[in-house]
Amino acid sequence: MNGNIGFIGLGKMGLPMAKNLLKNHYNVFGTDVNVDALMEFKAAGGNTGKFDEWISDVHSIILMLPSSAIVNKVLDEIISSESSRPKANQKELMVIDMSSSYPRDTKENSKKLEQSQISFVDAPVSGGVKKAVEGTLTIMAGGTADHFQKCKRLLSAMGTNIFHVGPIGSGHLIKAINNYLSASHLLASCEAVQLLESFGVEPDQAINVINQSTGRSGSTEYKFPNFILTESYDSGFSLDLIKKDIGMANQLFKDSGAATSLPEIVFQKYSEASNALDKEADHTEINKFVSSYLLKGGF
Ligand code: NAD
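Treat the numbers as computed from the prediction; the structure is a model and nothing was measured. (Residues numbered from 1 in each chain as written. Predicted model: local features only at pLDDT ≥ 70, side-chain atom pairs only at ≥ 80, totals over all residues. Heavy atoms only, no water.)

A. The arrangement of the overall build of the protein in detail. Of regular secondary structure, the protein possesses 13 helices and 9 strands. Its C-alpha atoms give the protein principal-axis dimensions of about 75 × 45 × 30 Å. The 299 residues of the protein split such that 49% are buried. Across the protein, the fraction of contacts at a sequence separation of at least 24, relative to all contacts at a separation of at least 6, is 67%. In the form shown here, the protein has an accessible surface area of approximately 14,400 Å², with 54% of it arising from carbon and sulfur atoms. Looking at the protein, you have 28 positive and 33 negative side-chain charges, and the mean spots of the two groups are 4 Å apart. (Helix = DSSP H or I, 4+ residues; strand = E, 2+ residues; numbered from the N terminus. Buried < 20%, exposed > 50% of the residue type's maximum accessible area, 1.4 Å probe, protein only. Contact = heavy atoms within 4.5 Å. Areas by Shrake-Rupley, 256 points an atom, 1.4 Å probe, with all protein chains shown as cover. Lys, Arg positive; Asp, Glu negative; His and termini not counted. Charge placed at Lys NZ, Arg CZ, Asp CG, Glu CD.)

B. Layout of the site of the ligand. Not every one of the 24 residues close to the ligand is listed here, only the nearest: Lys12, Met13, Asp32, Leu65 and Ser100. Between the ligand and the protein, one listed contact pairs an oxygen atom with a backbone N or O atom of methionine 13 at 2.9 Å. One nitrogen or oxygen atom from the side chain of aspartate 32 is found 2.6 Å from an oxygen atom belonging to the ligand. Relative to its free-state accessible area of 840 Å², the ligand is covered by the protein chains to the extent of 87%. Looking at the shell around the ligand, the elements that each hand over two or more residues are helix H4 (68-83), helix H6 (128-134) and helix H11 (239-256). (Near = heavy atom within 4 Å. Polar contact = N/O pair within 3.5 Å; in protein donor to acceptor, adjacent residues only side chain to side chain.)

C. Seen up close, the domain arrangement of the protein. For the protein, the assigned domains are domain 1 (4-168) and domain 2 (173-293). Averaged C-alpha coordinates put domain 1 and domain 2 at centres separated by 29 Å. Contact residues are listed per partner, giving 15 residues for domain 1 and 14 residues for domain 2. Regarding the contact of domain 1 and domain 2, the summed buried area is about 1,200 Å², with carbon and sulfur atoms giving 63% of it. It is Ser100, Tyr102 and Pro103 in domain 1 that bury the most area against domain 2; as a group they hold 37% of the surface buried on that side. Taken together, the links from domain 1 to domain 2 amount to 1 salt bridge. In this structure, arginine 104 and aspartate 255 form a salt bridge, with 3.1 Å as the shortest nitrogen-oxygen distance. At the boundary of domain 1 with domain 2, the tally comes to 5 residue pairs in polar contact (both at pLDDT 80 or more). Secondary structure elements with two or more residues in the side of domain 1 that touches domain 2: helix H5 (103-115), strand E7 (125-126) and H6. Here the side of domain 1 that touches domain 2 is composed, by residue class, of 8 nonpolar, 4 polar and 3 charged. (Domains from an automatic or database assignment. Buried area = accessible area lost by both parts, 1.4 Å probe. Salt bridge = Lys/Arg side-chain N within 4 Å of Asp/Glu carboxyl O. Nonpolar A, V, L, I, M, F, W, Y, C, P; charged D, E, K, R; others polar.)

D. Highlighting empty space enclosed by the protein. For the coordinates displayed, the defined rule picks out 1 cavity of 30 Å³ or more. In this structure, the largest cavity spans a volume of roughly 30 Å³. Taken together, Leu239, Asp240, Ser274, Asp278, Lys279 and Ala281 form the lining of the largest cavity. For the lining of the largest cavity, the per-class residue count stands at 2 nonpolar, 1 polar and 3 charged. (1 Å grid on protein atoms, 1.4 Å probe; cavity = no way out; pocket = protein on both sides within 12 Å on 5 of 7 lines; lining within 4 Å. Points joined across faces, edges and corners; volume = space filled by probe spheres on them.)

As structure tokens, then:
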């Protein structure tokens, strides 16, 4: 057995990631507010329970939660649970936040955890549900070189491209900017393909040509063929979560004083889509929202 790990947040990403830890012979204790997720994790061989019940048995805790607000709350609970135990019973503990969290909150959380002698690494992921299932995620970690070395082996049970990108918060920073880029490509591609369609070009053909040309992106190479042209809209990454990431990137640009309007425009479009579409909508359904405002005139 490779060691005891806690895992909080067994959702679309967290559940397959935790299952990969089990496959790699870690003894995993999982916590989630969703009972169905817990049942599925238990069926895969995981231990379940509230983190108070297992925190003294683990050396690392992974978070895979929807938002910084929830991460902040859970970290406060971890700190209070750890500090309520007699000093003699406390052992080395590392928390790894693999959620897409707000970098400024990550820096603040790092200070709080340090005061409680808890090590902290931010290690968000890219690659979606498919790569989470395969264990081939890209992982961008922020933290000290020493902390990164300590958790690298654990991360390699969930991903194949593992980068140490800088001090604490850097992973979350790159992740927010990456998703802003990804959301921008997706929006531009949806508008472009629908414009071409209104001129009589078949979407399949448009995507084929773009994918052999310089306009290609992850959206045209992967999301269009798999989720948009098939109309399955089931990438497993919700519109609400990508909107959160674009909002973080937009705020970071604003805070930096950058004289750019692009992040605000992209954020506005995804916010309008989120108001117009179903609460549970997949992020690829931005294509449906685009069709509600794009003129279908043609030549
Ligand atoms: P999800 O909503 O499917 O999963 C989140 C899980 O956290 C749910 O099971 C929920 O019940 C649980 N949860 C919420 N509050 C909790 C609490 N207080 N304690 C314990 N569990 C709690 O979301 P997801 O798609 O798995 O995404 C998780 C994180 O990964 C997000 O930060 C997201 O931005 C990021 N991410 C998602 C994808 C993707 O393709 N879905 C890709 C990369 C990164």
